[in-house]
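# Descriptive structure summary
Each chain is listed here by its residues.
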Number of protein chains: 2
Amino acid sequence: MSTDNLVDGLAQTSFVITASLSRIGAENDLSLTQLRVFGILRDRERLRMSTLADLLGLEKSSLSGLVDRAEQRGLVERAPNADDKRAVDVALTPSGQELATRVYGEVTEALRPWIDRLPKDDQHMLEHLLWRLLEP
Amino acid sequence: MSTDNLVDGLAQTSFVITASLSRIGAENDLSLTQLRVFGILRDRERLRMSTLADLLGLEKSSLSGLVDRAEQRGLVERAPNADDKRAVDVALTPSGQELATRVYGEVTEALRPWIDRLPKDDQHMLEHLLWRLLEP
DNA sequence: CACTGTAGTTCGTAACACCAACCATTACAA
DNA sequence: TTGTAATGGTTGGTGTTACGAACTACAGTG
């Protein structure tokens, strides 16, 4: 069956990407999950703990410690939510922002040579297909 | 820059795949890393601890515990290497083999609906591109 | 106003991954 | 060939990650 091979290819690719992300994260003392937090928070202004947990696919309790550690390092900050006094918003601090863009730049640089083994046309095709797949 | 978007797409896709693998692994009491061990060992006969560690990108010491736990569950077994008395070979037991094929079947089933949102032609194209990228 | 649900935190537990230190064996060099 | 370095694995200690259960504080609803 052909789907098997595609699944395999997706899994293998995942491992390659994940390895790069982990390595570059580690060089900056960031776990893969913390990297994801940064990736998510980089675009948006602020996010509630619970929605962040949902996006990451984590339990709320897992997120507390994660944010704790990042907050102690001054990369992230908590603020009470204006609308809901139970809720807590999380946002990147300026230094967190800076780290995020730097690390994601490094990731792109690290993957570029690997990606460039594919002709430009194929790169565009791949990009197109992946985003089609990722559509909601 | 277009590479950025491709890197992003690859990362996003990785997270989706990883989430599926983790979930299905968890349902079978297997961590993502154990799942990878099974995937690697499924094809080959037996592997030395060190080469397995290399393939996984792990320290030797990390592998010891990993294999310990799998061995205690009877999924994997150690055997002294014939050529090198220092080395230890690892292989799936029959019950490990069975679990491996079952779990990887479940993964394929889980991803199929997601993948099938892409027309068959696009699936083949994607598969082709990914494997081109994965070439050594 | 009581009651049920939701948002986060804390606590205890287990897996995971690393490093450093340690044997045993192998490879190599003088 | 014998001494020394390198390799293969394990052990022990540490920090991170993730979970579930129990808990507090606030929201929403009847």
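For the structure, see preceding data.
Bear in mind the structure is a predicted one, so any value in this text is a computation, not a measurement.

Our focus in this paragraph is the relation of the copies chain A and chain B. Relating one copy of the chain to the other requires a rotation about an axis plus a shift along that axis. The two copies are related by a screw operation: chain A maps onto chain B through 180° of rotation and 0.0 Å of translation along the axis, at an RMSD of 0.1 Å. The superposition operator between the copies reduces to a two-fold rotation axis. Judged by C-alpha distance, Ser-14 of chain A is the residue of chain A that lies nearest the rotation axis, at 2.2 Å.

As a further point, take the interface of chain A and chain B. Facing 38 residues of chain A, the contacting portion of chain B comprises 37 residues. For the side of chain A that touches chain B, the element with the most residues is helix H1 (residues 2-27) of chain A, which contributes 17 residues. Grouping the constituent residues of the side of chain A that touches chain B by class yields 19 nonpolar, 12 polar and seven charged.

All names here are of chain B. Examined bridge by bridge, strand S1 (residues 47-48) and strand S3 (residues 88-92) share two bridges and lie antiparallel to one another. Paired with Leu-47 across the bridge in S3 is Val-90. Here strand S2 (residues 76-80) pairs with S3 via five bridges, running antiparallel. Across the sheet, the residue bridging to Glu-77 is Ala-91, located in S3.

Here we take up the nonpolar core. Ranked by internal contacts, the top residues of the largest apolar core, which has 61 residues, are Val-103 and Val-107 of chain A together with Val-103 and Val-107 of chain B. Discounting chain neighbours no more than four positions away, the residues touching Val-107 of chain A are Ser-20, Leu-21 and Ile-24 of chain A together with Val-7 of chain B.

Taken together, 23 residues lie near DNA strand D, and Ser-31, Ser-61 and Lys-85 of chain A together with Ser-50 and Ser-61 of chain B sit nearest. Element by element, the count of residues in the surface near DNA strand D is highest for helix H4 (residues 60-72) of chain A, at five residues. Taken together, the residues of the surface near DNA strand D break down into five nonpolar, nine polar and nine charged.

The next thing to look at is helix H2 (residues 32-43) of chain A. With 12 residues, H2 of chain A extends 18 Å from end C-alpha to end C-alpha; this agrees with the ideal 16 Å at 1.5 Å per step. Within the sequence span of H2 of chain A, burial applies to Gln-34, Leu-35, Arg-36, Val-37, Phe-38 and Leu-41 of chain A.

Once that is clear, we can look at the protein's contact with DNA strand C. The environment of DNA strand C is made up of 23 residues, and the closest members are Arg-48, Ser-50 and Ser-61 of chain A together with Ser-31 and Ser-61 of chain B. If you list the elements that add at least two residues to the surface near DNA strand C, you get helix H3 (49-56) and H4 of chain A together with helix H2 (32-43) and helix H4 (60-72) of chain B. When residues of the surface near DNA strand C are assigned to their parent elements, the largest contribution, five residues, is made by H4 of chain B. The residue inventory of the surface near DNA strand C, partitioned by class, reads five nonpolar, nine polar and nine charged.

Definitions and cut-offs
- Residues numbered from 1 in each chain as written.
- Chains lettered and ligands numbered in written order.
- Predicted model: local features only at pLDDT ≥ 70, side-chain atom pairs only at ≥ 80, totals over all residues.
- Least-squares fit on C-alpha atoms with pLDDT ≥ 70 in both.
- Contact = placed C-beta atoms within 7 Å.
- Helix = DSSP H or I, 4+ residues; strand = E, 2+ residues; numbered from the N terminus.
- Nonpolar A, V, L, I, M, F, W, Y, C, P; charged D, E, K, R; others polar.
- Pairing = 2+ DSSP bridges.
- Core = buried A, V, L, I, M, F, W, Y, C linked by C-beta atoms within 7 Å.
- Buried ≥ 20, exposed ≤ 12 C-beta atoms within 10 Å, placed from the backbone.
- Near = placed C-beta within 6 Å.
- Expected span 1.5 Å × (residues − 1).

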